[in-house]
Amino acid sequence: MKKRLFLLFFALAAAALGFAYRTIYYPAEWWHEYLPAGEGEPIQVFVRQGMNARRAADEFESAGVLAGGKASDLARWMTRFSIDRRLKPGMYSIRRGSPWEVARQLEKAEPSVSSSTIVPGTDVFSFSGIFTPPLAPETMEKILARNDLFPKEIAPLLPPEAEGRLAFLLPETVHTAENSGEEVVSSAARLWWDRIGSHIPEEKRTAEYLLEMAVISSLIEREALWDEERPLIAGVIENRRKKKMPLQIDATVVYAWKKEGRNLTRVLYKDLEIDSPYNTYKIPGLPPAPICIPSEKSWLAALSPEKTEYFYYVAGQDGRHLFSETLSGHQRNIRKVRGK
């Protein structure tokens, strides 16, 4: 009998301890409103676009929001509350507390956010226009020159000029705490690293290689209207470079004239005479810097061009290109495009 009473007492005690443990460490949903959720003045923490729960938790820990516990504990609570699947970028105002208390606040927190859209093909002359009011050219150059706004893995490898650094921003809608040049550049650069740069083998990450790929990506961006043609155009550029043929890309001539203050809507034979390192009709090899901000698909095409025997292409009325291996084939395609 005593043994049975002992076992019953032990079972009841274990159940009580289990209930207390679950209540304290895993509180039921209805308890949430009756338990504290941090204390003191709110601390502002910025969650960047593309951050997962673990990286966001690191930001909260670095900001001093966690009172006891670690970022890994907060990340687990964020997963338990399904915050990891609906975490929005922006500026959060969170009171200091335990990982559970911080996660509770994040359940209902709505971050303040500003959105800025970088359009693929944006060049150094139009980039400042995405801001309201537009950035002054000298301000834009100072911002782009800051290494701390670019991922540390590539910042020392980037060219010093603004037009070279622009290519390492991913053109998308980026969400920031405020519509400032610093926030937009930092967020877009981090997106570029996450989507593109981190996938480039480490042994290839040299200043020369990154600039070369940035330039080629920008040429593809300006030449291709249809995504499926980007690897083909990348292949043509690669083939012509191997044969030391001039690239003869109209977009570089347009850019050369734009640097002189003239906007071309159509390239004529007389325009090909401009004396510029960007004139790929006269100067062999690649231009000295990217001519625009390339899209993700242009970057991927430059990094992995399609292997073909094509050396020429010409655009039709719908923007699609006819590709050819020989000059005679290219001339036939030109006549076909012009209806002759």
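Attention in this report is confined to the structure presented alongside it. (Residues numbered from 1 in each chain as written. Predicted model: local features only at pLDDT ≥ 70, side-chain atom pairs only at ≥ 80, totals over all residues. Heavy atoms only, no water.)

When helices and strands are counted, the chain shows 12 helices and six strands. Taking all 340 residues of the chain together, 44% fall into the buried category. Residue pairs in contact within the chain that sit at least 24 positions apart in sequence constitute 64% of those at least 6 positions apart. (Helix = DSSP H or I, 4+ residues; strand = E, 2+ residues; numbered from the N terminus. Buried < 20%, exposed > 50% of the residue type's maximum accessible area, 1.4 Å probe, protein only. Contact = heavy atoms within 4.5 Å.)

The next thing to look at is the pairing of strand E6 (residues 321–324). Sheet topology places strand E5 (residues 312–315) next to E6; four bridges connect them, and they run antiparallel. Counterpart to Tyr-313 in the pairing with E6 is Phe-323. From the end of E5 to the start of E6, which pair antiparallel, there are five residues, and Gly-319 there has a positive phi angle of about 85°. (Pairing = 2+ DSSP bridges.)

Now for the packing of helix H8 (residues 207–223) against helix H9 (residues 230–242). Put simply, H8 and H9 touch, their axes get as near as 10 Å, and they point 125° apart. By the angle between their directions, the pair H8 and H9 is classed as oblique. As for the relative orientation of H8 and H9, their crossing is right-handed in sense. Of the residues in H9, those touching H8 at Glu-212, Ile-216, Leu-219, Ile-220, Glu-221 and Glu-223 are Arg-230, Ile-233, Ala-234, Ile-237 and Arg-241. Residue composition of the contact of H8 with H9, grouped by class: six nonpolar, no polar and five charged. (Axes fitted to C-alpha atoms, helices over the stretch in contact; angles between N-to-C directions. Parallel < 35°, antiparallel > 145°, perpendicular 65-115°, else oblique. Left-handed = near helix turned anticlockwise from the far one by under 90°. Nonpolar A, V, L, I, M, F, W, Y, C, P; charged D, E, K, R; others polar.)

Taken residue by residue, helix H3 (residues 71–80) has Ala-71, Leu-74, Ala-75, Trp-77 and Met-78 as its buried positions. Down the axis of H3, the sector holding all buried residues measures 165°, keeping them to one side. Just past H3, the residue Ser-82 takes up positive phi, approximately 65°. (Arc of directions from axis to C-beta.)

Of all hydrophobic cores here, the largest spans 64 residues; its most connected members are Phe-127, Phe-150, Phe-168, Leu-169, Trp-192 and Ile-220. The greatest single-element share of this core, amounting to eight residues, is contributed by H8. Ignoring any residue separated from it by four or fewer positions in sequence, one finds Phe-168 in contact with Phe-150, Leu-158, Pro-159, Ala-188, Ala-189, Trp-192, Leu-210, Leu-211, Ala-214 and Trp-299. One finds Phe-60, Ala-75, Ile-83 and Tyr-92 within the second-largest nonpolar core, a separate group that totals 23 residues. (Core = buried A, V, L, I, M, F, W, Y, C linked by side-chain atoms within 4.5 Å.)

These figures come from the coordinates and say nothing about function on their own.
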